[in-house]
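The lines below spell out each chain.
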Amino acid sequence: MMNAETRMIPLDLLSDECCWSIIKQLAVEGRGRDQAKVAELEKIGREIARKCKGLPLIATTLGSLLCFKKTKSEWEGILHNKLWQSQKDLAPFLLSYYDLSLSERCCLSYCSIFPKDYSIESNRLIGMWMSQGYFSSGIEGKEHFNSLCMRSLFQDIQKDDFGGVNCKMHDIVHDFVQYLTKGKFSVIKADDMEGEMEENVRHLTTHFSKLSVLKFNEKNRENMRSLIVPTGSNLDECLFLDLPHLRTLGLRAVQIEKLPESITGMRHLRYLDLSWNDRLKELPESLCDLCNLQTLKLDCCWALERLPKGIGKLVNLRNLYIKYCKLEGLPKGIRKLRSLEKLDWFAIPSKEKREEYFDVGDFNELKCLQYQESLEITQAGNLENTDEAKKINLENMEDLVYLEFVFGNDNSDRQHQITILEALKPHPYLETLTISGYKGHPTCSPKWLTSLVLLKRLNLIACVYCEILPPLGKLLPSLESLEIWSWKSVKVGHELLGIEEGKRKDPSQSSFVSFPKLTELWFQGMDEWKEWEGSIPEDGSLQVMPSLRSLGLSNCEKLEGLPDFLRMIRLHTLSIYRCEVLKQGCQKGTGKEWLKISHIPNIQIDGKYVQRDGIWVQEDDVTSDHDIE
């Protein structure tokens, strides 16, 4: 927080016992080793722990390395390796590095192209690795990435909603990787740019906006394989004429309105990132001359209206990211991309435009799409029958983590949409599902919903004719996040919790837990919603949302009250925005809802805290999130 006192707390080094505990947890526990073998390895492991010098990063690195060593002789090989004498401080990292395969070493070394503390997206990184020829498919790339994670060479690992992973590299590991690649990889800031760069630089990330100051010598021009340009840079058209052998080019959010023509002449280019260029409206047909292109990132190019008709010439394309663009459909030539592994967006064309655009029948040509992790299907109501829906083959996409159905503005009737949604059955391992614009079943609940036993996030948006929420508290035991937006007329009560009316006091319900893992719940734009019914026995015999930590209510202008069970939930944050009737009921001491929410430590109303960390905020002291760093 602003003006808060800053104190530095020195941390002591770990004891040898603590270092051994870390190594043991990573390398021994849960590995199915018998006790005699564990005792045999422990003596060696404790000696290795002494070499950690009390540093948790080294203990983690060595523990992750020893996880792959099963025999006593292998552990002794680590303990007595000559690197401990010759390299000293670098020995733990070198031992881990030399234990990698040759292609995994290349992948690790390539990470020095990112600056310190950079948030690395796994799918982006895998595409860049593949462009350098370290492997030939996304499956191999995922295996390489997972191997580096298992060896603790990445940290702060978090899964995103779309099947990817975000991570960082520890500063010391980053220093080690830069040591390995000195002279070949370079991250240049404006203050560092004086004269020509080093001759042997092959991979370059810049951190200044005027690229015209870059000076390539003849060796640079021949050797340069990667160029990552920072957000907001001013592109120099001539820059790319100097880099004929470039394989990886990152132009994310550089605000270009059209693609520099010189890029389309870069025949060796394999990875092109144009994402987040919201002024880019179209791409030239000459882009399709990049016959070696493997990855094309166009996601979040909000103004992009069409793809080149000749896109079918990109026969080596494996990844096409086009989510959040302004496209009406995909060119027919997409069906020629037999190596395509990832296509994150697809529109079902109307009957009149099926000859013009890529259609469901063309999916049979794209056999490798079964490995993709994220897919949005828009204008889903344009599917004519169940046979067409099944051609998309969702049930066989076992790697699919994120799936979104957008029904849009098609003129299909309610029964047709019910039939189509039932036919679009995904595999049971899906983790995130979004259904938008659906006008079918009044509960927005296809029969296959109960099969999604691992579903963690569900978003139900603008299901305008749906009137009753399905019994999600009972159907989806793994659900962690639920968002419901823009339902015109809806009843929210015991049905949502999965509690049958009249059985709230039934002894058979006493072991039932509604939404056992739900942590986030959000309602938004519920124009006609007035009552949230939720009375349950106060003796604790029936549990509702025991894990809920965050509740948000936005633009629910007619909502009059909150459910009684809220007072029994250990909520951390309640956010109420533009709910005028409810706002009056939540006034401290006088509001009829106050007793239900007074125990919540953080309460925001219309973007401002009225209670923070359990302390009521006086009107003069009221702050919003924007006021706090």
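You'll find the structure just up there.
Residues numbered from 1 in each chain as written. Predicted model: local features only at pLDDT ≥ 70, side-chain atom pairs only at ≥ 80, totals over all residues. Heavy atoms only, no water.

## Regarding helix α10 (residues 171–180)
Point 1. Regarding α10, the residues found buried are Val-173, His-174, Phe-176 and Val-177. Along α10, the residues classed as buried sweep out an arc of 160° about the axis, all on the same side.
Point 2. Check the buried side of α10 and you find it contacts α3 (56–66), α6 (91–98) and α7 (102–110). (Buried < 20%, exposed > 50% of the residue type's maximum accessible area, 1.4 Å probe, protein only. Helix = DSSP H or I, 4+ residues; strand = E, 2+ residues; numbered from the N terminus. Arc of directions from axis to C-beta. Contact = heavy atoms within 4.5 Å.)

## With respect to empty space enclosed by the protein
Point 1. Across all of its chains, the model carries one cavity of 30 Å³ or more by this definition.
Point 2. Taken as a whole, the largest cavity spans an internal volume of roughly 40 Å³.
Point 3. Considering only residue class, the lining of the largest cavity consists of six nonpolar, one polar and three charged. (1 Å grid on protein atoms, 1.4 Å probe; cavity = no way out; pocket = protein on both sides within 12 Å on 5 of 7 lines; lining within 4 Å. Points joined across faces, edges and corners; volume = space filled by probe spheres on them. Nonpolar A, V, L, I, M, F, W, Y, C, P; charged D, E, K, R; others polar.)

## Topic: the pairing of strand β14 (residues 402–406)
Looking along a regular strand, one sees the side chains alternate between the two faces of the sheet.
Point 1. Most of β14 is tucked away, with five of its five residues classed as buried.
Point 2. Two elements, strand β13 (residues 374–378) and β14, share five bridges in a ladder whose sense is parallel. Each residue of the ladder has a partner; that of Ser-374, found in β14, is Tyr-402.
Point 3. A crossover connection joins β13 to the parallel β14 through helix α12 (residues 386–391); in handedness this β-α-β unit is right-handed.
Point 4. For β14 and strand β15 (residues 432–436), the ladder comprises five bridges, and the chain directions are parallel. Counterpart to Tyr-402 in the pairing with β15 is Thr-432. (Pairing = 2+ DSSP bridges. Right-handed = clockwise from strand over helix to strand, strands pointing away.)

## Examining α6
Point 1. Counting buried positions along α6 yields seven of eight residues, so the element is predominantly enclosed.
Point 2. Every buried residue of α6 is listed here: Ala-91, Pro-92, Phe-93, Leu-94, Leu-95, Ser-96 and Tyr-97.
Point 3. On its buried face, α6 sits against α3, α4 (72–79), α5 (83–86), α7 and α10.

## Re the sheet that holds strand β3 (residues 165–168)
Strands in a sheet are paired, the pairing made by backbone hydrogen bonds, and the direction either parallel or antiparallel.
Point 1. Taken in spatial order, the three strands line up as β1-β3-β2 in an open sheet, and their pairing is antiparallel. Strands at the two margins of the open sheet, each flanked by one partner only, are β1 (120–121) and β2 (155–159).
Point 2. For β2 and β3, the ladder comprises three bridges, and the chain directions are antiparallel. When the bridges of β3 are listed, Gln-158 appears paired with Asn-166.

## Points about unusual backbone geometry
Point 1. With a phi angle near 55°, Gln-379 is a residue other than glycine that sits in the positive phi range.
Point 2. Tracing the sequence through the fold places Gln-379 in the loop between β13 and α12.
Point 3. Taking relative accessible area as the criterion, Gln-379 reaches 26% and is therefore assigned partly exposed.

## Here's the deal with the layout of surface pockets
Point 1. Its boundaries defined by the atoms lining it, the largest pocket holds a volume of some 470 Å³.
Point 2. Lining the largest pocket we find 23 residues, and of these Glu-121, Asp-160, Phe-162, Lys-297 and Asp-299 sit closest to its centre.
Point 3. Partitioned by chemical class, the residues of the lining of the largest pocket number seven nonpolar, six polar and 10 charged.

## Some details on the packing of aromatic side chains
Point 1. One pass over the structure, following the stated rule, counts 21 aromatic pairs.
Point 2. Arranged with centres 5.3 Å apart and planes meeting at 70°, the rings of Phe-523 and Trp-532 form a pair that is edge-to-face. Note on accessibility: Phe-523 and Trp-532 belong to one class, buried.
Point 3. An aromatic cluster is present here, built from Phe-93, Tyr-97, Tyr-98 and Phe-176 joined pairwise through their rings.
Point 4. Above the face of the Trp-84 ring, Lys-51 is positioned so that its terminal group lies 5.0 Å from the ring centre.
Point 5. Lying across the ring of Tyr-321, Lys-297 places its NZ or CZ 4.5 Å from the centre. (Phe/Tyr/Trp six-rings, centres within 6.5 Å; stacked < 30°, edge-to-face > 60°. Lys NZ or Arg CZ within 6 Å of the ring centre and 35° of its normal.)

## So, the pattern of salt bridges
Point 1. Per the stated rule, a full pass over the model turns up 33 salt bridges.
Point 2. A salt bridge links Asp-289 to Lys-313, with the shortest nitrogen-to-oxygen separation between them at 3.3 Å. Pair noted here: Asp-289 is in the loop between β8 (271–273) and β9 (295–297) and Lys-313 is in the loop between β9 and β10 (319–321), with a separation of 24 residues, a long-range link.
Point 3. When its relative accessible area of 31% is taken as the criterion, Asp-289 is described as partly exposed.
Point 4. Taking the shortest distance from any N to any O, the salt bridge between Lys-596 and Glu-593 comes out at 3.0 Å. Just as Lys-596 is buried, Glu-593 falls in that class too. (Salt bridge = Lys/Arg side-chain N within 4 Å of Asp/Glu carboxyl O.)

## Describing the sheet that holds strand β24 (residues 608–612)
Point 1. One open sheet accounts for 12 strands, arranged β12-β13-β14-β15-β16-β17-β19-β21-β22-β23-β24-β25; its pairing is mixed. Of all strands in the sheet, those with a lone pairing partner are β12 (345–347) and β25 (615–616), marking the two edges.
Point 2. Looking at chain direction, strand β19 (residues 520–524) and strand β21 (residues 550–554) are connected through five bridges and run parallel. In the strand pairing of β21, Phe-523 is matched with Leu-553.

## Thoughts on the nonpolar core
Point 1. If you look at the biggest cluster of nonpolar residues, it comprises 125 residues, and the most contacted ones within it are Phe-405, Leu-433, Phe-523 and Trp-532.
Point 2. The contact partners of Phe-405, leaving out residues within four places of it in the chain, are Ile-377, Leu-394, Leu-421, Leu-424, Leu-433, Thr-434, Ile-435, Ser-436 and Trp-448.
Point 3. Among the nonpolar cores identified, the runner-up in size contains 56 residues, and Ala-27, Cys-52, Ala-91 and Tyr-271 belong to it. (Core = buried A, V, L, I, M, F, W, Y, C linked by side-chain atoms within 4.5 Å.)

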